[in-house]
Structure formats: C-alpha cells, structure tokens
Amino acid sequence: MAKKILVVDDEARVLMVIQKRLESAGYEVITAMDGNEGLSKARSENPDLIVLDLILPKLNGYQVCSILKRDSYYKQIPILMLTARSQERDVDEGMRVGADAYMTKPFKNELLLGQIEQLLAKADERKAKGEKEREAKEKEMGDKLIKEAQRMGVLPEDKPKKK
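Residues numbered from 1 in each chain as written. Predicted model: local features only at pLDDT ≥ 70, side-chain atom pairs only at ≥ 80, totals over all residues. Heavy atoms only, no water.

*Asks:* Quick question: what am I supposed to make of helix α1 (residues 12-24) here?
*Replies:* It helps to recall that an α-helix has 3.6 residues per turn; residues three or four apart then point in one direction. Across its 13 residues, α1 extends 18 Å between first and last C-alpha, which sits within 8% of the 18 Å expected from 1.5 Å per residue. Buried within α1 we find Val14, Leu15, Ile18 and Leu22. Buried positions in α1, seen along its axis, are confined to an arc of 100° and lie on one side of it. Turned more than 90 degrees from where α1 packs its buried face, Arg13, Lys20 and Ser24 sit exposed. Where α1 ends, the next residue or the one after it, Gly26, has phi of about 95°, a positive value. (Helix = DSSP H or I, 4+ residues; strand = E, 2+ residues; numbered from the N terminus. Expected span 1.5 Å × (residues − 1). Buried < 20%, exposed > 50% of the residue type's maximum accessible area, 1.4 Å probe, protein only. Arc of directions from axis to C-beta.)

Pasting the structure below:
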C-alpha cells in the first residue's frame, strides 16, 4: 500500500508540482491550501508524512506543526517544513515546534524525495521498535498474571519437565 503524504502549501503551482512528483514516485498525495485545512486533513486522513509550508493563511506552519506535535495521537507523524524562509531563526523555530526536517524553496526534486524517504524510513523504524516494546510489555504482563493466578491456586503450577 502506498504511503500517504499530506502537502500543505498556499501556492497552487507549488502544490501541483510537489503532488505530481510525489505521485510519480508512488505516493498517495492529499493536499491542503491553508493551515486550518491542513490541520483538519492531518486529523481526518492520518498521513504517513506531512510536507508543510510556513507562510499559510489562517494558521501558519509553525502553529500547525506545534498543534500536531503536542497531540499524542499525531505527534509520531513526521513533518517536513518546506518554505522560502531560510534564515537561521526560521529553521530554529521550525525545529523548536517539532519539525522533523526543514528544507528551503526553491528545492530540487531529488533532495525532496530523498528527505521524504529518509523520514519515512525513520518513522517505520520507530513504529517497529514501539511494536516490539509493546509486545515485550504484553508478554511480561501475561507472565505476571499467570504467576499470580498460579500463586492463588487458580492455575496449576508449571512442573519441570523430566528428561
């Protein structure tokens, strides 16, 4: 199944270029043209990654990023800020509010795709690690419940196997 990417940019031409490039690379692309719409689609579509402009109507990219990264349900979605704002303080603010990466416009398609692939790979690794940790915790809890049930006499004790 194709990874789903939400692209939020208020410039229709930029949005179209990014959408076409990502679709040709095999991604499913959802678009939004302002911060409110981007936030709404992030919540309704639960994308695998968000490409987010900073200068947007209604809510700016910093606000959208900050809102999503403070929400435990959405904070795991990688956010790539893609903007014309290239000053160090802009980059610092983007990272402070939770962006996973920051790129400036104009951009090269290959660099954008490379950054997206890298962020998606990291997200997949975190997800796999989280699933392994959850499975280990579930096994530990199950073992504790079995031991407690055995202690209470509800379950028979495990007998050592004879050789």
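There's more to say after this.
*Asks:* Would you explain the pairing of strand β3 (residues 49-52) in this entry?
*Replies:* On a regular strand, each side chain points to the face opposite its neighbour's, so the side chains alternate between the two faces of the sheet. Across the two faces of β3 the burial is the same, with Leu49 and Val51 and Ile50 and Leu52 all buried. The sheet contact formed by strand β1 (residues 4-8) and β3 spans 4 bridges and is parallel. The residue of β3 that forms the bridge with Leu6 is Ile50. Pairing analysis gives 3 bridges linking β3 to strand β4 (residues 79-83), with the strands arranged parallel. Pairing of Leu52 across the sheet is with Met81, part of β4. In the classification by handedness, the crossover that spans β3, the intervening helix α3 (residues 61-69) and the parallel β4 is right-handed. (Pairing = 2+ DSSP bridges. Right-handed = clockwise from strand over helix to strand, strands pointing away.)

*Asks:* Looking at this model, I keep getting lost on the layout of surface pockets. Mind explaining?
*Replies:* One water molecule sets the probe size; rolling that probe over the atoms shows where empty space is left. Each pocket or cavity is described by its volume, and for the largest pocket that value is around 450 Å³. Counting residues per element, the lining of the largest pocket draws most heavily on helix α5 (residues 109-151), which supplies 5 residues. Each residue belonging to the lining of the largest pocket can be placed in one class, and the counts come to 7 nonpolar, 2 polar and 7 charged. (1 Å grid on protein atoms, 1.4 Å probe; cavity = no way out; pocket = protein on both sides within 12 Å on 5 of 7 lines; lining within 4 Å. Points joined across faces, edges and corners; volume = space filled by probe spheres on them. Nonpolar A, V, L, I, M, F, W, Y, C, P; charged D, E, K, R; others polar.)

*Asks:* Looking at this structure, how should I read the nonpolar core?
*Replies:* The tendency in soluble globular proteins is for nonpolar side chains to be buried as a group. Core analysis: the biggest nonpolar cluster contains 22 residues, and Ile50, Leu52, Leu68 and Met81 have the highest contact counts within it. Looking at this core, the elements that each hand over two or more residues are β1, β2 (28-32), α2 (35-45), β3, α3 and β4. Ranked by the residues each element gives to this core, the list is headed by α3, at 4 residues. Excluding residues within four positions of it along the chain, Met81 makes contact with Leu52, Leu54, Gly61, Tyr62, Cys65, Gly94, Val97, Ala99, Ala101, Tyr102 and Met103. (Core = buried A, V, L, I, M, F, W, Y, C linked by side-chain atoms within 4.5 Å. Contact = heavy atoms within 4.5 Å.)

*Asks:* Can you help me understand the pattern of salt bridges in this one?
*Replies:* A side chain with one charge may pair with a side chain of the opposite charge, provided their charged atoms come close. One pass over the full model with this rule turns up 9 salt bridges. Residues Lys105 and Asp9 are paired through a salt bridge, measuring 2.6 Å at the closest nitrogen-oxygen approach. Highlighted residues: Lys105 in the loop between β5 (101-104) and α5 and Asp9 in the loop between β1 and α1, separated in sequence by 96 residues. In this pair, the class of Lys105 matches that of Asp9, namely buried. A salt bridge links Lys58 to Asp34, with the shortest nitrogen-to-oxygen separation between them at 3.7 Å. Here Asp34 lies in the loop between β2 and α2 and Lys58 lies in the loop between β3 and α3, a separation of 24 residues in the sequence. Among the charged side chains, a network of salt bridges with common partners joins Asp9, Asp53 and Lys105. (Salt bridge = Lys/Arg side-chain N within 4 Å of Asp/Glu carboxyl O.)

*Asks:* What should I look at first to understand the packing of aromatic side chains in this one?
*Replies:* Geometrically, a pair of aromatic rings is defined through the distance of the ring centres and the angle of the planes. The tally for this structure, following the rule as stated, stands at 1 aromatic pair. Ring centres of Tyr73 and Tyr74 lie 4.8 Å apart, and the angle between their planes is 85°; this geometry places the pair in the edge-to-face category. With a relative accessible area of 11%, Tyr74 lands in the buried category. (Phe/Tyr/Trp six-rings, centres within 6.5 Å; stacked < 30°, edge-to-face > 60°.)

*Asks:* Just checking my understanding: could you explain the packing of α2 against α3 for this structure?
*Replies:* Axis angle and axis distance: for two packed helices, these are the angle between their axes and the distance between the axes, and together they describe the pair. Direction vectors running N to C along α2 and α3 enclose 25°, while the axes themselves pass 9 Å from each other. Of the possible angle classes, the one that applies to α2 and α3 is roughly parallel. Pair α2 / α3 crosses with right-handed handedness. Between α2, through Gly35, Leu39, Ala42 and Arg43, and α3, the contact on the second element is made entirely by Val64, Ile67 and Leu68. (Axes fitted to C-alpha atoms, helices over the stretch in contact; angles between N-to-C directions. Parallel < 35°, antiparallel > 145°, perpendicular 65-115°, else oblique. Left-handed = near helix turned anticlockwise from the far one by under 90°.)

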